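One-letter residues, chain by chain:
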Amino acid sequence: MNVLIVLAHPEPFSFNAALKNTAVETLRQAGHSVEVSDLYAMGWQAALSADDFRGERADASYLDLSREQEHAFASGSFAAQVQAEQDKLSNADLLIFQFPLWWFSMPGILKGWVDRVFARGFAYSTGRKYASGHFHGKKAMLCITTGTASTLYEPNGIDGDLHHILWPIHNGMLAYTGFTVLPPYAAWMPARVSEQERMAYLKGYASHLGRLDSLEALYFHPWEDYDDTQRLKPGVVARSGVQWNPRAEQSRLDAASHFTPGQR
Ligand code: FAD
């Protein structure tokens, strides 16, 4: 399998970088081919702008980004930085986003990668979304770190259900473009736990990656559950993406690492 890891952290010795290194090592040992886009190291430009388009524009007098993306895709005239990432993504069977949770979301540099790389024409187009999305057949997964404990991200936690926080990424970016979305891996507040617990996170992540084939994908309703207005049909209970639960993930991690988590 070809794996593309997109890393969004400015510090080469961060815990996010350590998780990325764990993934590279684990996946290569398992026989997979791994490519890494280290966005800060690459000097990735986050802002989608007219600079993304080389050559003649579809309309030079007014910047319609969707139209220009579609035109650049059709004419092969994306800027080199965008084209290179699209080529990596085309080649990937599994996409992993590695990032610290910043303001309940991904860092801006990674959002900018999505804005520019998931371009209209390449990543989506009229009538091509979800099951018919351009990336149907590929898998995607998030590996995140947080500043606070897992309990805060449970459905009754003060920061809110992590599923809701990740919904714009899981659903709006990944499922929307056709990916099968694997359950995320979270290393909770790595800066505030012991070295032993951090090592357990790395071990837990290696184990998560070792189970890639058996991980149950997040659930998203199939087309037939929706009516003509693209709303769930009467009687269909909304349950997209609600299987994953941080406490179960924490229990698995604790079981894997044999440590007793303290009060966080
Ligand atoms: P680091 O601080 O890089 O690492 C933690 C520790 O791990 C360090 O001591 C490091 O030396 C050590 N380490 C590195 N490599 C290894 C290794 N191989 N083995 C063992 N230890 C190692 N948090 C939230 O929960 N929600 C938010 O909305 C949120 N918003 C934020 C917004 C901003 C702008 C910022 C800056 C932070 C925010 N945070 C938030 C906190 C942020 O999520 C955490 O600081 C981050 O996830 C921690 O991960 P890190 O990789 O930066 O950790």
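From a predicted model like this one, the values you see are computed outputs, not experimental measurements.

**Topic: the overall build of the protein chain**
- Scanning the protein chain from N- to C-terminus turns up eight helices and six strands.
- Start at the N end of the protein chain and walk to the C end: the helices and strands fall as β-α-β-α-α-α-β-α-β-α-β-β-α-α.
- Seen through its C-alpha atoms, the protein chain measures out along the principal axes to roughly 60 × 50 × 35 Å.
- Relative to its 264 residues, the protein chain shows a buried fraction of 48%.

**Regarding the layout of surface pockets**
- Roughly 430 Å³ of volume is contained in the largest pocket.
- Residue lining of the largest pocket: 20 residues in total, with Tyr-130, Ala-131, Ala-175, Phe-220 and His-221 positioned closest to the centre.
- The dominant element in the lining of the largest pocket, judged by the number of residues it contributes, is helix 6 (residues 162-175), at three residues.

**Notes on the UniProt feature "domain: Flavodoxin-like fold" (unreviewed entry) in the protein chain**
- Here, UniProt's "domain: Flavodoxin-like fold" (unreviewed entry) annotation points to residues 1-209.
- Taken as a whole, residues 1-209 contains 39% helix and 15% strand, while its terminal C-alpha atoms sit 13 Å from one another.

**Points about the pairing of strand 1 (residues 2-7)**
- Summarising burial for strand 1: five of the six residues are buried, a large majority.
- Bridge count for strand 1 against strand 2 (residues 33-38) is six bridges, and the pairing is parallel. In the sheet register, Asn-2 faces strand 2, and the bridge partner there is Ser-33.
- Where the polypeptide runs from strand 1 across helix 1 (residues 15-29) and back to strand 2, its parallel neighbour, the crossover connection is right-handed.

**Section: the nonpolar core**
- Ranked by internal contacts, the top residues of the largest apolar core, which has 63 residues, are Leu-89, Leu-95, Phe-97, Phe-99, Trp-113, Phe-118 and Leu-174.
- For this core, the secondary-structure elements that each account for two or more residues are strand 1, helix 1, strand 3 (94-100), helix 5 (108-117), strand 4 (139-145), helix 6, strand 6 (185-187) and helix 7 (195-210).
- Broken down by element, this core gets its largest block of residues, seven residues, from helix 6.
- Those residues in contact with Phe-99, other than ones at most four positions away along the chain, are Ala-8, Asn-16, Ser-105, Met-106, Pro-107, Leu-110, Leu-142, Cys-143, Ile-144, Thr-145 and Ile-169.
- If you look at the next biggest cluster of nonpolar residues, it comprises five residues, including Phe-53, Ala-72, Phe-78 and Val-82.

**Digging into a nonpolar patch on the surface**
- Nonpolar side chains collect at one region of the surface, where Tyr-40, Trp-102, Trp-103 and Phe-104 lie side by side and expose about 510 Å² of accessible area between them.
- Relative to the helices and strands, Phe-104 resides in the loop between strand 3 and helix 5.

**Looking at the environment of Asp-213**
- Tracing the chain through its elements places Asp-213 in the loop between helix 7 and helix 8 (246-257).
- The exposed category is assigned to Asp-213, whose relative accessible area is 73%.
- In sequence terms Asp-213 and Glu-197 are 16 residues apart; their C-alpha atoms lie 26 Å from each other.

**Some details on the site of the ligand**
- Near the ligand lie 22 residues; those nearest to it are His-9, Asn-16, Leu-101, Thr-145 and Tyr-153.
- One nitrogen or oxygen atom from the side chain of Thr-145 is found 2.5 Å from an oxygen atom belonging to the ligand.
- Thr-148 is positioned such that a nitrogen or oxygen atom in its side chain is 3.4 Å from an oxygen atom of the ligand.
- Alone, the ligand offers 1,000 Å² of accessible surface; in the complex the protein occludes 66% of this.
- Within the residue set of the shell around the ligand, elements represented by two or more residues are helix 1 and helix 7.
- For the shell around the ligand, the element with the most residues is helix 7, which contributes four residues.

**Digging into the pattern of salt bridges**
- On inspection of all chains with the given rule, the structure shows seven salt bridges.
- Between Arg-120 and Glu-70 there is a salt bridge, with its nearest N and O atoms 3.4 Å apart. Placement of Arg-120 in the loop between helix 5 and strand 4 and of Glu-70 in helix 3 (residues 65-75) is noted, with a sequence separation of 50 residues between them.
- With a closest N to O distance of 3.0 Å, Lys-111 and Asp-115 form a salt bridge. Here the residue Lys-111 and the residue Asp-115 both occupy positions in helix 5, the gap between them amounting to four residues, near one helical turn.
- A residue is classified by how much of its surface remains accessible, and Lys-111, at 36% relative accessible area, is partly exposed.
- Of the residues examined, Asp-115 reaches a relative accessible area of 29% and is grouped as partly exposed.

Cut-off values and rules
Residues numbered from 1 in each chain as written. Predicted model: local features only at pLDDT ≥ 70, side-chain atom pairs only at ≥ 80, totals over all residues. Heavy atoms only, no water. Helix = DSSP H or I, 4+ residues; strand = E, 2+ residues; numbered from the N terminus. Buried < 20%, exposed > 50% of the residue type's maximum accessible area, 1.4 Å probe, protein only. 1 Å grid on protein atoms, 1.4 Å probe; cavity = no way out; pocket = protein on both sides within 12 Å on 5 of 7 lines; lining within 4 Å. Points joined across faces, edges and corners; volume = space filled by probe spheres on them. UniProt positions renumbered as here; feature names shortened; annotations may be inferred. Pairing = 2+ DSSP bridges. Right-handed = clockwise from strand over helix to strand, strands pointing away. Core = buried A, V, L, I, M, F, W, Y, C linked by side-chain atoms within 4.5 Å. Contact = heavy atoms within 4.5 Å. Patch = residues over 30% accessible without salt bridge, like charges linked within 9 Å, V, L, I, M, F, W, Y side chains within 5 Å. Areas by Shrake-Rupley, 256 points an atom, 1.4 Å probe, with all protein chains shown as cover. Salt bridge = Lys/Arg side-chain N within 4 Å of Asp/Glu carboxyl O. Near = heavy atom within 4 Å. Polar contact = N/O pair within 3.5 Å; in protein donor to acceptor, adjacent residues only side chain to side chain.

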